[in-house]
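# Breakdown of the fold
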Amino acid sequence: SGVQIGGTGAALGTMQLLVQAYAKTHPEAKFSVLPSMGSGGGIKAVLAGAIQLGVSSRPLGESESSAGAVAFEYASTPLVFATATASKVAGLTSQNLADFYAGKDEAWPDGTKVRLMLRPIGDSDSETIKSLSPSMRAAVSAAEQRKGMAFTVTDQEAATAIEKVPGALGPTTLALLLSEKRALKALALDGVVPNAQTLA
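The paragraphs below set out a description of the structure included in this document. (Residues numbered from 1 in each chain as written. Predicted model: local features only at pLDDT ≥ 70, side-chain atom pairs only at ≥ 80, totals over all residues. Heavy atoms only, no water.)

### Some thoughts on the side chain of Asp-99
Note the cut-off: Each helix corresponds to a stretch of at least 4 residues labelled H or I by DSSP, and each strand to a stretch of at least 2 residues labelled E; elements are numbered beginning at the N terminus. Under the scheme applied here, a residue whose accessible area is under 20% of the maximum for its type counts as buried, over 50% as exposed, and between as partly exposed, the area being computed with a 1.4 Å probe on protein chains only. We score Asp and Glu as negative and Lys and Arg as positive, and we do not count His or the chain ends. Between Lys or Arg on one side and Asp or Glu on the other, a salt bridge is scored when a side-chain nitrogen of the former is within 4 Å of a carboxyl oxygen of the latter. Should any heavy atoms of two residues lie within 4.5 Å, those residues are counted as being in contact.
Secondary-structure assignment places Asp-99 in helix α4 (residues 94-102). Buried charge without a salt bridge: Asp-99, with Lys-104 as the nearest opposite-charge side chain at an N-O distance of 4.7 Å. Once residues within four sequence positions are removed from consideration, Asp-99 is found in contact with Lys-104 and Asp-105.

Below, the structure written as structure tokens:
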């Protein structure tokens, strides 16, 4: 049995590293990090007593708090736009990003087709991207309605798709990228490099 940890996929790699570090000084402790069940799934599982620790990429809702869930912040990580490490692209502007999502521009500078990896409508990543600007809200909403777009359900599915699909671009977190040692690079946005130093 022991302590079961589950929730947002963005935190699972970090949780695995923490569990491994803790086990070095507490070998008797038993932890298991479950596959992604999303922030809401992790919170529901804690409230149901199915797991002992839920990880979430969003604050608790009022109904979750009133049901007895208690949250504390253990870390923060930037949401980043990533592409495969083999890509020659190092950064984007907000305008590039809006044009890609709106379908006004569909190619990287080398001519490769940009393949957006979208997250589900209403997902915390989708909402964060929409909150960047009014033009991004409109562009992401347009992308969500376009036929043939690729949607990835979990953070791990998104990262794998961005790694493997030629020309892929999509959101992930710096924590996931680093903790899972993904073959991805976080792109600078408007000249801001998304790394631990910038975040600090």
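### Considering the sheet that holds strand β8 (residues 168-173)
Selection criterion: At least two bridges found by DSSP between two strands are what make those strands a pair.
Pairing in this open sheet of five strands is mixed, and the strands run β7-β6-β8-β4-β9 from one edge to the other. Single-partner strands in this sheet number two, and they are β7 (150-151) and β9 (184-186). Across three bridges, the pairing between strand β4 (residues 79-84) and β9 is antiparallel. Across the sheet, Ala-84 pairs through a bridge with Leu-184, a residue of β9.

### Re the pattern of salt bridges
Pairing between side chains of opposite charge can happen when the charged atoms of each approach one another. Evaluation of the coordinates by the stated rule reveals nine salt bridges. In this structure, Lys-113 engages Glu-106 in a salt bridge whose closest nitrogen and oxygen atoms are separated by 3.7 Å. Classification of Lys-113 by relative accessible area gives partly exposed; the value is 38%. The partner of Arg-119 in a salt bridge is Asp-123, and the shortest N-O contact between them spans 3.8 Å. Each member of the pair, Arg-119 as well as Asp-123, is classed as buried. Here the salt bridges do not stand alone but share partners, grouping Arg-119, Asp-123, Asp-125 and Asp-155 into one network.

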